[in-house]
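Tertiary structure, described
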Amino acid sequence: MNMLILTHNHWLNNYILNKEFSLLAGISSNAYRYWNGVEAAKFDDARVVFLRKESVLPKYKAIAQQCTNLFGMVQSQAFCKYTGLAPSHLIEKNHSCIYEALEIIDICDIKFVNLKKFYDDLKLDYKYHIYIEKCKYFGPSPLEKKINLSSGICVGYY
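Below is a short write-up of the structure. (Residues numbered from 1 in each chain as written. Predicted model: local features only at pLDDT ≥ 70, side-chain atom pairs only at ≥ 80, totals over all residues. Heavy atoms only, no water.)

**Here we look at the nonpolar core**
Counting residues in hydrophobic clusters, the biggest one holds 37 residues, and the most contacted among them are F50, F79, F112 and I130. By size, the runner-up hydrophobic cluster in this structure holds 15 residues, among which are A31, L51, Y60 and I63. (Core = buried A, V, L, I, M, F, W, Y, C linked by side-chain atoms within 4.5 Å. Buried < 20%, exposed > 50% of the residue type's maximum accessible area, 1.4 Å probe, protein only.)

Structural data, given as structure tokens:
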């Protein structure tokens, strides 16, 4: 078993959520640790484990196909660390303008944000690093590149 540590902006395109997979398969969530050749991954400072779809044992391939597609997704915790956003903005009842701008899904009580879609909606190249904060903290326009999400919140990129 190989465990990779993912960067906070690494999309989970070829991965499945281990918790969802183990529930569907009816096996222990630690079973992957004893499989030869399985590729597991998690974000830095996170406990949630993802399995590379192609590396799952052949007898579980059909179950892996039933798992939720994570194309373009990152774990919400990773999204917050990557952008500098407070996790409270990803809670619907807080009525944050950021919540409306993001595609957020919940799988087995774990939140995911579609980072690829966020880049696409902002028409930004994927190579840009982004950060989110109050517009009043940004420098003048030629010095700092920003996109207004609302009257008070902006996305900066470099």
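**Quick look at unusual backbone geometry**
The backbone of D109 shows a phi angle near 65°, a positive value even though the residue is not glycine. Mapped onto the fold, D109 is located in the loop between β6 (104-107) and β7 (110-114). Of note, K123 is a non-glycine position whose phi angle comes to about 55°, a positive value. Its location among the elements puts K123 in the loop between α5 (115-122) and β8 (130-134). (Helix = DSSP H or I, 4+ residues; strand = E, 2+ residues; numbered from the N terminus.)

**A few points about the packing of aromatic side chains**
By the definition in use, this model includes 11 aromatic pairs. Ring geometry for F50 against F112: centres 5.9 Å apart, planes inclined by 70°, an arrangement best described as edge-to-face. Here F50, found in strand β4 (residues 50-52), pairs with F112, found in strand β7; they are 62 residues apart in sequence, far enough to count as distant. The pair formed by F50 and F112 is uniform in burial state, with each residue classed as buried. Taken together, a centroid distance of 6.1 Å and an interplanar angle of 45° make the contact between Y131 and Y158 tilted. Separated by 27 residues along the polypeptide, Y131 in strand β8 and Y158 in the segment after β10 (153-157) bring together distant segments of the chain. A connected cluster of aromatic rings, assembled from ring pairs, spans W11, Y119 and Y126. Seen from the ring of Y128, K127 lies directly overhead, with NZ or CZ sitting 5.5 Å from the centre. (Phe/Tyr/Trp six-rings, centres within 6.5 Å; stacked < 30°, edge-to-face > 60°. Lys NZ or Arg CZ within 6 Å of the ring centre and 35° of its normal.)

**Focus on the sheet that holds β10**
Strand order in the open sheet formed by three strands is β8-β10-β9, and the pairing between neighbours is antiparallel. Edge strands, defined here as strands with exactly one partner in the open sheet, are β8 and β9 (146-148). For this sheet, the mean angle separating the axes of adjacent strands, direction not counted, is 25°. Relative to β10, β9 runs antiparallel, the two sharing three bridges. Following the sheet pairing, N148 is matched in β10 by C154. In the packing of α5 onto the sheet, contacts are made with β8, β9 and β10, and the angle to β8 comes to roughly 75°. (Pairing = 2+ DSSP bridges. Axes fitted to C-alpha atoms, helices over the stretch in contact; angles between N-to-C directions. Contact = heavy atoms within 4.5 Å.)

**What to know about the sheet that holds strand β5 (residues 73-75)**
One open sheet accounts for three strands, arranged β5-β7-β6; its pairing is antiparallel. A strand with exactly one partner marks an edge of an open sheet, and here the two such strands are β5 and β6. Strand-to-strand twist in this sheet, taken as the mean axis angle between neighbours without regard to direction, amounts to 35°. Of the strand pairs in this sheet, β5 and β7 are connected by three bridges, and their pairing is antiparallel. Each residue of the ladder has a partner; that of V74, found in β7, is V113.

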